[in-house]
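Summary of structural features
So the chains spell out like this:
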Amino acid sequence: MSNLFVKDIVVSYSGLPIIDRLNISIPDHKITTIIGPNGCGKSTLLKTIARILKTDRGAVFLDGKAIQQLSTKKVAKRMAILPQSSEVPPGLTIFELVSYGRFPHQRGLGTLKLEDLKQIDWAIQVTGLSELKDRPVVALSGGQRQRVWIAMALAQDTDILILDEPTTYLDLAHQLDILLLLEKLNKEEERTIIMVLHDLNLASRFSHNMIAMKEGSIVAEGPPSKVMTSSTIQKVFDIDANLTICPFSTNPILHSYQLSGCTQDLLENANEG
Amino acid sequence: MIPNKYVSEYQQRRNKKNISIIFVVILLIISMLIISMNTGYIRLSPKELFETFFGMGTERQSLILFEFRLPRIVLSILVGMALAVSGCILQGISRNALADPGILGINAGAGLGVVLFISFFPSTTETPVFLLPFIAFLGSGITAVLIYLLSYKKGEGISPVRLLLTGIAIAAGISAAMIVLTLKLDSETYQFVAVWLAGSIWGSNWKFVLSLLPWILILIPFVIAKARVINTLNLGDVRATGLGLAVEKERILLLGAAVALAGAGVSVSGGIGFVGLVAPHMARQLVGARHQFVILASAMMGGLLLLVADTIGRVILQPSEIPAGIVVAIIGAPYFLYLLVKSKA
């Protein structure tokens, strides 16, 4: 049994049920990625696991206890959350923002102790920000800024990292850059990583475990080889997928794809042309 | 002592600079205090001031200094501090650069409480002054709850713009209500309301200083102790929850502190706006975004700002006076518009 699992949850958003009786278990020390079309409830599931959203029924269990019953500070020592990027308060340096990650470990006025400083320093180093740490965060590019948020989560010193679309708005190189960093953290530090990604190929390449969702339910879950099949993709996204093998990870990736039902016509057109 | 290798030299200098800046503002307050003591309709030369201050002046001189000028000066500083810290909290927890207890109508609510109270105790000499901040807190508290409820939309929470517009509408409504009330009351109360609305430091004697002081001495250290919490709230609700903050509980506590500070402040001054807007902004320009520094710097900037405004108001049209609130508004209103334009872009 893993440390983190979801049991029989019902989650609704302004009266409408988004997730109805969902069960899932998140494997420890692995990278798990949730995929699915817009509005399928993947972000809702992620936010529920991160205790941002409350369940109507059922619960998320961490170390055998319902997460809403645990003190929020205790949970913050076990899991860190990276929501989709939001504005940074102006006037903060990278060092200062990363130091905010120490919040659950601090008391009183929050003077940084040696232990805090060591953790902050490590987080800045591992995300490759050492040279930039005195810069104002607002002056950074999107990719650098995402690294700062990851550094802040690392300063929080948790074994679980939860990320909501960490590569959105980044160019290809910076997307890889972030995912390679997460892969490294998983390998070297054995951190459990749970994230939502839109890009199926990146999801397949970097995950140990994938969860495919549609309309609030899980369609398939397991290693990429099991989830990235043309029948699952057809079910989840309504597309006909042509799959191949990623040369970098040996996991299946999309070669090309087309809306379901159009494939035959298109192939004929292509042949005639 | 923490080894330097973990904190860059730049960061250390930055922290030291922030502390020096706060001390410089304190020095400015002290110099302004001295200037303010010897300005007024009856001028006291520095020598007379010095003599009077140490009990060697004439009876008339000590009356002017100790009974008229000094309490008013001290009161301006304290009210400025209270309003600035209130604005600093509101801006920090709502992530809204335009939040200010005056603009949001919290001051007006406090004022209505004070006016109702004064109309029951018409003569200021008999007024149980220490009750004023409590009454004002009640008035501002009810107003704050009202604004909160009106700008809250289920599923969406509170948008900064809706909060601002509701606040402005409520402030206008309460000011109108105060004027209507005065029609029913005697002319003395009318006078008081007119002065209050203009934002004059009206309670200029030691009784008022003493009634406000405990609020400042309790609430400002409380807020400073919560600096880390405000920093975290400033990152947004989701991130704050992720960092292990009990968001709703802490926000209500801090909102309560902001309302109490604004209420207590304006209970002894008039409805002074913009200090809570301008002072925290200046403070952030000077010391960055960490509230361990911002709160103290805001308090000092607020004290300085209102002291300067009140001194200017006292001397510029002698022998009559311009209320400090108007002087502050002359600086604050354009600043508000500037921020409004900037935040749209």
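Values in this document were obtained by computation on a predicted structure and should not be read as measured data.

Side note on the overall build of chain B
Within chain B one finds 14 helices and 2 strands. Taking 2.2 N^0.38 as the reference for a compact globule, 345 residues should give roughly 20 Å; the C-alpha atoms of chain B span a radius of gyration of 21 Å, in line with that estimate. Taking the principal axes of the C-alpha coordinates as reference, chain B spans close to 60 × 55 × 35 Å. Within the span of chain B, comprising 345 residues, buried residues form 48% of the whole. Of the contacts made within chain B by residues no fewer than 6 positions apart, 77% connect residues no fewer than 24 positions apart.

Section: helix α5 (residues 132–151) of chain B
In this model, α5 of chain B (20 residues) spans 28 Å end to end at C-alpha, consistent with the 28 Å of a helix rising 1.5 Å per residue. Those residues of α5 of chain B lying buried are L132, P133, I135, A136, F137, G139, S140, T143, A144, I147 and S151 of chain B.

Quick word on the sheet that holds strand β8 (residues 192–196) of chain A
All names here are of chain A. One open sheet holds the 6 strands; their spatial order is β6-β7-β8-β3-β9-β10, and the pairing between them is mixed. Taken across any chain shown, the strands that pair with only one partner, and hence form the sheet edges, are β6 (79–82) and β10 (217–222). In this sheet, neighbouring strand axes are inclined to one another by 15 degrees on average, regardless of whether the strands run parallel or antiparallel. Bridging between strand β7 (residues 160–164) and β8 involves 5 bridges; their strand directions are parallel. Looking at the pairing, L161 lines up with I193 of β8. Across the sheet, helix α1 (residues 42–49) is in contact with β3 (31–35), β7, β8 and β9 (209–214); its angle to β8 comes to roughly 145 degrees.

Quick notes on the UniProt feature "domain: ABC transporter" (unreviewed entry) in chain A
Residues annotated by UniProt as "domain: ABC transporter" (unreviewed entry) correspond here to residues 4–240 of chain A. For residues 4–240 of chain A, the helix share is 36%, the strand share is 26%, and the end-to-end C-alpha distance is 34 Å.

What counts as what
Residues numbered from 1 in each chain as written. Chains lettered and ligands numbered in written order. Predicted model: local features only at pLDDT ≥ 70, side-chain atom pairs only at ≥ 80, totals over all residues. Helix = DSSP H or I, 4+ residues; strand = E, 2+ residues; numbered from the N terminus. Rg over C-alpha atoms; globule rule 2.2 N^0.38 Å. Buried ≥ 20, exposed ≤ 12 C-beta atoms within 10 Å, placed from the backbone. Contact = placed C-beta atoms within 7 Å. Expected span 1.5 Å × (residues − 1). Pairing = 2+ DSSP bridges. Axes fitted to C-alpha atoms, helices over the stretch in contact; angles between N-to-C directions. UniProt positions renumbered as here; feature names shortened; annotations may be inferred.

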